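Results of the structural survey
Spelled out, the chains give:
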Amino acid sequence: MYQKVKGFRDIYGLEARYWNKVEKVFRQTFRTFNFEEFYLPILEKSEVFNRGIGSTTDIVEKEMFAFEDRDGTQVALRPEGTASLVRAYVENKLFSTPGISKYYYVGPMFRRERPQKGRFRQFTQAGIEVFGSGGPSIDADVIYLLYKLAENLGIQNFVSMEINSIGCPACRPAYNEKLIEYFKSNIEHLCGDCLRRLDKNPMRIMDCKNESCKKITADAPKAVDYLCGECRDHFDGVKSYLDALQVPYKVNPMMVRGLDYYVRTAFEMITDRLGSQSAVGAGGRYDGLIQLLGGPDTAGIGFAVGIDRLVSLCMLNETEKENDLDVFIISFRDISDKIALKLANEMRSQGVSVDMDYDFRKMKKQFSLADRYGSLFTVVLGEDEAAKGTAAVKDMQAGTQEEIEIAKVTEYITDKLRRN
Ligand code: ATP
Ligand code: MG
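Here the structure is a predicted model, which is why all the values come from computation and not from measurement.

**Examining the overall build of the chain**
Of regular secondary structure, the chain possesses 15 helices and 16 strands. Considered along the principal axes of its C-alpha atoms, the chain spans approximately 90 × 55 × 40 Å. For the chain, contacts bridging at least 24 residues in sequence account for 69% of all contacts bridging at least 6. Across the chain, the 58 positively charged side chains and the 61 negatively charged ones have centroids separated by 3 Å.

The following block contains the structure:
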């Protein structure tokens, strides 16, 4: 017997049903905000991520599935979507389209982290990116969209929104200096990774998961206290638009996010319902990234949501049933088998979900199958009915039964389903 690769998983049954629902709600919600779907490759040249995410980040330093292809090209399974989408935006010269561009993607991401509950090596993200708008109103609308996703899934009570501003290339250096000064005076508490990052990228230390580092970051200088005038105005703008939209949020001055490309607005949707994995979705503004990857100086903002964790949250609500089939047809070999096949497909073409027993077993066996599928209606095509050209239609919830002409069964069922 073979076993799957560590950190990878199979998704099926009830979880797959919720998964389906989440993706459907996501796509509908993204469309209402005028986002267009973007299908990205799963494999990219490693350089896209090394440059795009930052070479001192956890993702690039230790989590990428990167390897040399047979022709010597360094490639990596994508650990996130933003760098890929920016690469595609630049490569396909989509920046030449006037106005702003809004894209979304849904798909698997790969990070070689320590597997645990809610943390896998292949997981799925849905994300959005907006290119070409630098003002605070789009930041607020993007954060609102993240909140709206939770609301449309009925889990808004399980999550909360945190926002922060982490400055820009103009004010970041002064903040970095303060951080270096602070951490140098607490140097004995830093882990090996953070010691290495101290001079190159001190803000990364703020995102370290090491307990001893976490303790000293609690009292570290905060980026919001060192913002330049423009960043402060931007942040005030974001907050006032969020207030206008009535999005519940909290400013968390300690949040810096784990990717190098963020400037100004950073945000995270968190939950306390999933144990230690609290991040459900996160994002921020990344105005320098498009230029960094070879494009023109274009503003950008986006977020990514972890579908695996969102599905777990939705499952706490228990709204989906184990299965729900509209109709199960009970039929018998040489008596009503062909009628059943025809009727099943006639109903399916009307959007009704239908199944039947292709082995035409005994009535009792077929009824138990209908039961297992949780069918709302059972259509029995027995010997008597076949002779009369009728079917016995049972409403499984009401427990009632009616005899209907076969030619009218589809109409009868679709009518009943509409009313339910
Ligand atoms: P975390 O703090 O949990 O490591 P992150 O900051 O690395 O999260 P992002 O890179 O912002 O996460 O990705 C956005 C979302 O993707 C996260 O909020 C989370 O829901 C999900 N996610 C990230 N890594 C994993 C993983 N290994 N397994 C499952 N979901 C993940
Ligand atoms: Mg992480």
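**Thoughts on the sheet that holds strand β9 (residues 263-271)**
Strand order in this open sheet of eight strands is β1-β5-β6-β11-β10-β9-β7-β8, and the pairing throughout is mixed. For this open sheet the edge positions go to β1 (36-37) and β8 (250-251), each flanked by a neighbour on one side alone. The pairing of strand β6 (residues 122-131) with strand β11 (residues 300-306) spans seven bridges and is antiparallel. Looking across to β11, one finds that Phe 131 is bridged to Gly 300. Relative to β11, helix α11 (residues 307-317) is tilted by about 55°, and along the sheet it contacts β6, β7 (159-165), β9, β10 (279-285) and β11.

**A word on the pattern of salt bridges**
Considering all chains together, one arrives at 30 salt bridges under this definition. Between Arg 361 and Asp 357 there is a salt bridge; the shortest N-O distance is 3.3 Å. Since its relative accessible area comes to 2%, Asp 357 is described here as buried. One connected set of salt bridges, linked through shared partners, spans Asp 58, Glu 61, Lys 62, Asp 193, Arg 196 and Arg 197.

**Digging into the site of ligand 1**
Surveying the vicinity of ligand 1 reveals 16 residues, the closest of which are Arg 111, Glu 113, Arg 119, Phe 120 and Arg 257. In the environment of ligand 1, an oxygen atom lies 2.5 Å from a nitrogen or oxygen atom belonging to the side chain of Arg 257. Measuring from an oxygen atom of ligand 1, one finds a backbone N or O atom of Gly 281 at 3.4 Å. Relative to its unbound accessible surface of 590 Å², ligand 1 loses 91% to contact with the protein. Put simply, the parts of the chain that give the shell around ligand 1 at least two residues each are β6, β10 and β11.

What counts as what
- Residues numbered from 1 in each chain as written.
- Chains lettered and ligands numbered in written order.
- Predicted model: local features only at pLDDT ≥ 70, side-chain atom pairs only at ≥ 80, totals over all residues.
- Heavy atoms only, no water.
- Helix = DSSP H or I, 4+ residues; strand = E, 2+ residues; numbered from the N terminus.
- Contact = heavy atoms within 4.5 Å.
- Lys, Arg positive; Asp, Glu negative; His and termini not counted.
- Charge placed at Lys NZ, Arg CZ, Asp CG, Glu CD.
- Pairing = 2+ DSSP bridges.
- Axes fitted to C-alpha atoms, helices over the stretch in contact; angles between N-to-C directions.
- Salt bridge = Lys/Arg side-chain N within 4 Å of Asp/Glu carboxyl O.
- Buried < 20%, exposed > 50% of the residue type's maximum accessible area, 1.4 Å probe, protein only.
- Near = heavy atom within 4 Å.
- Polar contact = N/O pair within 3.5 Å; in protein donor to acceptor, adjacent residues only side chain to side chain.
- Areas by Shrake-Rupley, 256 points an atom, 1.4 Å probe, with all protein chains shown as cover.

Remember that the coordinates give geometry; whether it matters functionally is a separate question.
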